[in-house]
Amino acid sequence: MPSSTRRLLTATPLTVATAGVLVAGLALNVGAGPSAADAGDARGRSLAYDTQSGYRGRNQTSDGKPGVVVGPPVSARGRTAQVRNDVSYQIAPGVVLREWDQVDGRQPVGQVRMNLVTVDLDAANITFEELSPTYVTSRKKVSQLGGWNDALAAINGDFFDIGNTDAPLGVTVNRERGILGGSREGWIPGVNSTLWFDDSGPHVGPLSLQYTIRQRRAWTVSGINHPRIPAGQIGVFTSDWHRTEGYRVTSGKKRAREVVLRNNRVVSNRPKLSSGRKIHKEERVLVGTGSAAGKLATLKRGKKITLSKRIEGGRPTVAISGDRPLLVNGVRTVINNTIAHPRTAVGIDADGRQLFILVVDGRSSASRGYTMVELADMMTALGAENAINLDGGGSSAMYSRTGTGEMGVVNEPSDGGERLVPNAFGVVYHAELPPVVPIVPTPTPVPPTTTPTP
């Protein structure tokens, strides 16, 4: 909830165990030190891709805004982090909203504000959903996506091609609509990861979309409804994309060709890409770049073209991507400990019985944000074994049932209000909601003739 509301609440007293878990999220940073690169993988490889990738190198968020350069963890000098203004509510059976300030003295701000939803995966009446607008090139507020889908809680989702096509960059699978988009290699090849669900529960791991043109199996299809088509490859666009985007999807490269299929037959083949043409439900638009443009030129009107598809890495019913894993089987896989941003992350415990949904506020005088190392270490402290980093910066937002029972945005987005985002991840409760229950420590024992304070 906003700080003005949070400060009016009576802070929940902490048990020793509770405070220890939260403080451990920063204590784990001891000895981590600055990373070899401001953005990189566990081997220190630079991940500064061009602006068309949606990844802004050291900035680490879709919006490209610079992060906060932070000093070394003060815990390394023997100081202990403190937890303040800690409040928790059971907002549905098996679902707890928790908010607190973590004060660690790490400059320039010295504290961060946390918003956490913990879900018991054994609880009844709960599903996890990918939440998208009508088109993948549209953007809406997290609160809109959550409200339209009757979500109990929702957070922002994937990194996206901000200011260009606005489409998500990773694999997206909606329970009702199926595959909405994705690519064969990911927008940071070998790094991207996905939060996905099947009948056995949640998973964090790489997924890729493998499409093949049955009549031309040697041709490489780069993906479906993805904003980047590498040279020499073919991108496929459906009605979920909405309208053609011209040369935006080819990074401005003019050697390209557009083929329109209707009911799996070629109906047009043009050497110039269209822009603003509505893609109808029975249509597929193929865009080839570089040498692939020449290959598409060979397709005659009336030619039958069909696509086969498979998802490599799993069989998800729901999937939403981020840029990389934070934890893999308990091992921290990120190295950046110098640049802080607002962050959004999801983690799964070792037994697959709890899901942790975390939003860290940042870029403000009250909360600096977290580095990638701090984010991974906090997820470990909360109990996660596997975790993923979703988009951050001004996109980071959490919409949830609050302590009053009303729905609202509970964190403080760094833009001063919610940013429009291409998709969200939601928790949906499929039953009548009981009253919100404040969570407090076990009351001190009292004489049996006295009624304990609830």
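Residues numbered from 1 in each chain as written. Predicted model: local features only at pLDDT ≥ 70, side-chain atom pairs only at ≥ 80, totals over all residues. Heavy atoms only, no water.

1. Quick word on unusual backbone geometry
Then, number 1: Geometrically, the link from Gln-107 to Pro-108 is a cis peptide bond, its omega value of 25° lying close to zero.
Then, number 2: Of note, Pro-108 is situated in the loop between β3 (95–103) and β4 (111–120).
Then, number 3: Backbone geometry at Asn-225 places phi at a positive 50°, although glycine is not the residue there.
Then, number 4: Within the secondary structure, Asn-225 is located in the loop between β12 (221–224) and β13 (234–237).
Then, number 5: Under the relative-accessibility criterion, Asn-225 is labelled buried at 3%.
Then, number 6: Phi is positive for Asn-263, close to 50°, though the residue is something other than glycine. (Helix = DSSP H or I, 4+ residues; strand = E, 2+ residues; numbered from the N terminus. Buried < 20%, exposed > 50% of the residue type's maximum accessible area, 1.4 Å probe, protein only.)

2. Quick word on the pattern of salt bridges
Then, number 1: According to the stated counting rule, one finds 21 salt bridges in the structure shown.
Then, number 2: Here Arg-363 and Asp-63 are joined by a salt bridge, their closest N and O atoms 2.9 Å apart. In this pair, Arg-363 is assigned in the loop between β25 (354–360) and α5 (372–382) and Asp-63 in the loop between α2 (16–27) and β1 (68–69), connecting sequence segments 300 residues apart.
Then, number 3: Judged by its relative accessible area of 16%, Asp-63 falls in the buried class.
Then, number 4: A salt bridge links Asp-101 to Arg-113; its shortest N-O distance comes to 3.4 Å. With Asp-101 in strand β3 and Arg-113 in strand β4, the pair connects residues that are 12 residues apart, well separated along the chain.
Then, number 5: Given the relative accessible area of 1%, Asp-101 is considered buried. (Salt bridge = Lys/Arg side-chain N within 4 Å of Asp/Glu carboxyl O.)

3. So, the packing of aromatic side chains
Then, number 1: Inspection of the entire model under this criterion finds five aromatic pairs.
Then, number 2: Each ring, one from Phe-159 and one from Trp-187, has its centre 5.3 Å from the other, and the planes form 40°; the classification is tilted. Of this pair, Phe-159 sits in the loop between β6 (151–156) and β7 (172–174) while Trp-187 sits in the loop between β8 (178–183) and β9 (194–198); the two residues are 28 residues apart in sequence, bridging distant segments of the chain.
Then, number 3: Among the residues examined, Phe-159 registers a relative accessible area of 0% and is labelled buried.
Then, number 4: Through a chain of ring-to-ring contacts, the aromatic side chains of Phe-128, Phe-197 and Phe-425 assemble into a single cluster.
Then, number 5: Residue placement shows Arg-98 over the ring face of Trp-100; its charged tip is 5.6 Å from the ring centre. (Phe/Tyr/Trp six-rings, centres within 6.5 Å; stacked < 30°, edge-to-face > 60°. Lys NZ or Arg CZ within 6 Å of the ring centre and 35° of its normal.)

4. Thoughts on the pairing of strand β21 (residues 324–328)
Then, number 1: Here β21 lies mainly inside the structure; four of its five residues are buried.
Then, number 2: Where β21 meets strand β26 (residues 384–389), three bridges bridge the pair, whose relative direction is antiparallel. In the sheet register, Arg-324 faces β26, and the bridge partner there is Asn-389.
Then, number 3: Here β21 runs beside strand β22 (residues 331–332); their pairing, made up of two bridges, is antiparallel. Counterpart to Leu-327 in the pairing with β22 is Arg-332.
Then, number 4: Connecting β21 to the next strand, β22, in antiparallel fashion are two residues, including Asn-329 with a positive phi near 50°. (Pairing = 2+ DSSP bridges.)

5. Some thoughts on the sheet that holds strand β27 (residues 398–401)
Then, number 1: The sheet built from five strands is open, its strands ordered β5-β29-β6-β27-β28 with antiparallel pairing. The sheet terminates laterally at β5 (126–131) and β28 (407–409), the two strands that pair on one side only. The average angle at which neighbouring strand axes cross in this sheet is 20°, direction not considered.
Then, number 2: Pairing geometry for β5 and strand β29 (residues 424–429), over six bridges, is antiparallel. Looking at β29, one finds that Ile-126 is bridged to Tyr-429. (Axes fitted to C-alpha atoms, helices over the stretch in contact; angles between N-to-C directions.)

6. Brief notes about the side chain of Thr-118
Then, number 1: Mapped onto the fold, Thr-118 is located in strand β4.
Then, number 2: Apart from residues no more than four positions distant in its own chain, Thr-118 is found in contact with Gly-94, Val-95, Val-96, Gln-354, Leu-355 and Phe-356. (Contact = heavy atoms within 4.5 Å.)

7. With respect to the nonpolar core
Then, number 1: Core analysis: the largest hydrophobic core is formed by 32 residues, its most contacted members being Val-119, Phe-128, Val-346, Leu-355, Ile-357 and Phe-425.
Then, number 2: With four residues, strand β2 (residues 82–92) is the single largest residue contributor to this core.
Then, number 3: Once residues lying within four places of it in the same chain are set aside, the contact partners of Val-346 are Ile-155, Leu-195, Leu-355, Phe-356, Ile-357, Met-379, Asn-386, Ala-387, Ile-388, Leu-390 and Phe-425.
Then, number 4: The next biggest cluster of nonpolar side chains, apart from the first, holds 23 residues, and it includes Trp-196, Leu-207, Leu-209 and Val-259. (Core = buried A, V, L, I, M, F, W, Y, C linked by side-chain atoms within 4.5 Å.)

8. Focus on the side chain of Glu-283
Then, number 1: The residue Glu-283 is located in strand β18 (residues 283–289) in this model.
Then, number 2: A distance of 3.0 Å separates the side chain of Glu-283 from the side chain of Arg-277, its partner in a polar contact.
Then, number 3: Once residues lying within four places of it in the same chain are set aside, the contact partners of Glu-283 are Phe-237, Thr-238, Val-260, Leu-261, Arg-262, Arg-277 and Lys-278. (Polar contact = N/O pair within 3.5 Å; in protein donor to acceptor, adjacent residues only side chain to side chain.)

9. Points about a positive patch on the surface
Then, number 1: Taken together, the side chains of Arg-214, Arg-217, Arg-265, Lys-303 and Lys-304 define a basic patch exposed on the protein surface.
Then, number 2: With respect to the secondary-structure elements, Arg-265 resides in strand β16 (residues 265–270). (Patch = residues over 30% accessible without salt bridge, like charges linked within 9 Å, V, L, I, M, F, W, Y side chains within 5 Å. Areas by Shrake-Rupley, 256 points an atom, 1.4 Å probe, with all protein chains shown as cover. Lys, Arg positive; Asp, Glu negative; His and termini not counted. Charge placed at Lys NZ, Arg CZ, Asp CG, Glu CD.)

10. Considerations on the environment of Gly-146
Then, number 1: If you trace the backbone, Gly-146 turns up in helix α3 (residues 142–148).
Then, number 2: Put simply, Gly-146 and Leu-131 are 15 residues apart on the chain and 7.3 Å apart in space, counted from C-alpha to C-alpha.
Then, number 3: For Gly-146, the contacting residues outside a window of four places in its chain are Leu-131, Ala-151, Ala-154 and Tyr-399.

11. Re the environment of Ser-193
Then, number 1: Within the element layout of this structure, Ser-193 appears in the loop between β8 and β9.
Then, number 2: With relative accessibility at 3%, the residue Ser-193 sits in the buried group.
Then, number 3: Spatially, the C-alpha atoms of Ser-193 and Arg-324 are 4.9 Å apart, while their sequence positions differ by 131 residues.
Then, number 4: With near-sequence residues (within four places) excluded, Ser-193 lies in contact with Val-204, Gly-205, Pro-206, Ser-321, Gly-322, Asp-323, Arg-324, Pro-325 and Ile-388.
Then, number 5: One polar contact links the side chain of Ser-193 to the main-chain amide nitrogen of Gly-205, over a distance of 3.4 Å.

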